[in-house]
Amino acid sequence: MRTVQDWLNAYGESHQNLVNKKIHWVCVPLIMFSLLGLLWILDIPIVNQFKYFNAATLLIALVSLYYFKLSLPMGVGMLLISFIMIYIIIQINTSSLIPYIIIFIVAWIGQFIGHKIEGKKPSFFEDLQFLLIGPLWILSQAYDLIGIKY
C-alpha cells in the first residue's frame, strides 16, 4: 500500500505550475464543499432517519476511514475541515441544489483550466483514488506552512 507521502508526491507531479496550484487551492475545497452540500440535501429515506446522519455524513465517515488509514494527522485535519463545511452548509440552510451544482461545475471547469495551463492531465485519470488525494494535497501544503508533521 502506498504511504500518504507516496500519494502526495504522485499527485504533485501533475501540479507543478504555480497558476494550476493556485486554481487547485480554490477549486478543490469548493468541489468538496459543493459535493457535501449536494449530499446534505439529498433525500435518502433509509439514511436520513436521523437529524445529522445523511449521505454527506456517511461519505465523511467512509472517506475518514481512508484518511485515518493513510495518516492520523491528515485524518484529523480532514475531519475538522469536513465538520466546518457541514456547519457552513447547515447555516446556509437551503433546500435548493442549484447553488451547489453551480459551484461544483464552475470549480471543475477551473480544475480543467488549471490542467490545461499545466499541460498535464488530472491525476484521477490515472487512478480514481486521486479524487480523495486532492484535498489531502491542499492540507499537506497548509500543514507544511505551519509545521505539522503528517
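Here, the structure is the one placed above.
Engineer: For the overall build of the protein, give the residues involved together with the corresponding values.
Structural biologist: Summing up its helical and strand segments, the protein has six helices and zero strands in all. The order of helices and strands in the protein, counted from the N terminus, is α-α-α-α-α-α. Here the protein has a C-alpha radius of gyration of 16 Å; the compact-globule value for 150 residues is 15 Å, and the two agree. By its C-alpha atoms, the protein is 45 × 30 × 30 Å across when sized along the principal axes. Per-residue burial for the protein yields a buried fraction of 43% across its 150 residues. Sequence separation of 24 or more characterises 74% of the internal contacts of the protein that already satisfy a separation of 6 or more.

Engineer: Describe the environment of Leu 72, listing the residues and the values that go with them.
Structural biologist: Of note, Leu 72 is situated in helix α4 (residues 72-92). Leu 72 sits in the exposed class, given a relative accessible area of 56%. Residues Leu 72 and Tyr 150 lie 78 residues apart in sequence; the distance between their C-alpha atoms is 7.4 Å.

Engineer: Summarise the layout of surface pockets; cite the residues concerned and give the values.
Structural biologist: In this structure, the largest pocket encloses a volume near 500 Å³. As for the largest pocket, its lining consists of 27 residues, and the residues nearest its centre are Ile 31, Leu 35, Leu 131, Leu 132 and Pro 135. Those elements that place two or more of their residues in the lining of the largest pocket are α2 (18-41), α3 (55-70), α4, α5 (98-118) and α6 (130-146). The greatest single-element share of the lining of the largest pocket, amounting to six residues, is contributed by α2. Residues of the lining of the largest pocket, tallied by class, amount to 19 nonpolar, eight polar and no charged.

Engineer: Talk me through the side chain of Ser 34; I want residue IDs and the actual numbers.
Structural biologist: Assignment of secondary structure puts Ser 34 in helix α2. The exposure class assigned to Ser 34 is buried, which follows from its relative accessible area of 0%. From its side chain, Ser 34 meets the backbone oxygen of Ile 31 in a polar contact 3.0 Å long. Apart from residues lying up to four places away in sequence, Ser 34 is in contact with Tyr 100, Ile 103 and Phe 104.

Engineer: Quick rundown of the packing of aromatic side chains? Include the residues and the values.
Structural biologist: Two measures describe an aromatic ring pair: the distance that separates the ring centres and the angle between the ring planes. Applying the stated rule across the entire model yields 12 aromatic pairs. With 5.3 Å between their ring centres and 55° between their planes, Tyr 11 and Trp 137 make a pair best called tilted. With a gap of 126 residues between them, Tyr 11 in helix α1 (residues 4-12) and Trp 137 in helix α6 connect regions that are remote in the sequence. Here the guanidinium or amino end of Arg 2 rests over the ring plane of Trp 7, the centre of that ring lying 4.3 Å away.

Here is what the cut-offs are and how they apply
Residues numbered from 1 in each chain as written. Predicted model: local features only at pLDDT ≥ 70, side-chain atom pairs only at ≥ 80, totals over all residues. Heavy atoms only, no water. Helix = DSSP H or I, 4+ residues; strand = E, 2+ residues; numbered from the N terminus. Rg over C-alpha atoms; globule rule 2.2 N^0.38 Å. Buried < 20%, exposed > 50% of the residue type's maximum accessible area, 1.4 Å probe, protein only. Contact = heavy atoms within 4.5 Å. 1 Å grid on protein atoms, 1.4 Å probe; cavity = no way out; pocket = protein on both sides within 12 Å on 5 of 7 lines; lining within 4 Å. Points joined across faces, edges and corners; volume = space filled by probe spheres on them. Nonpolar A, V, L, I, M, F, W, Y, C, P; charged D, E, K, R; others polar. Polar contact = N/O pair within 3.5 Å; in protein donor to acceptor, adjacent residues only side chain to side chain. Phe/Tyr/Trp six-rings, centres within 6.5 Å; stacked < 30°, edge-to-face > 60°. Lys NZ or Arg CZ within 6 Å of the ring centre and 35° of its normal.

Purely spatial values, then, with no claim about function.
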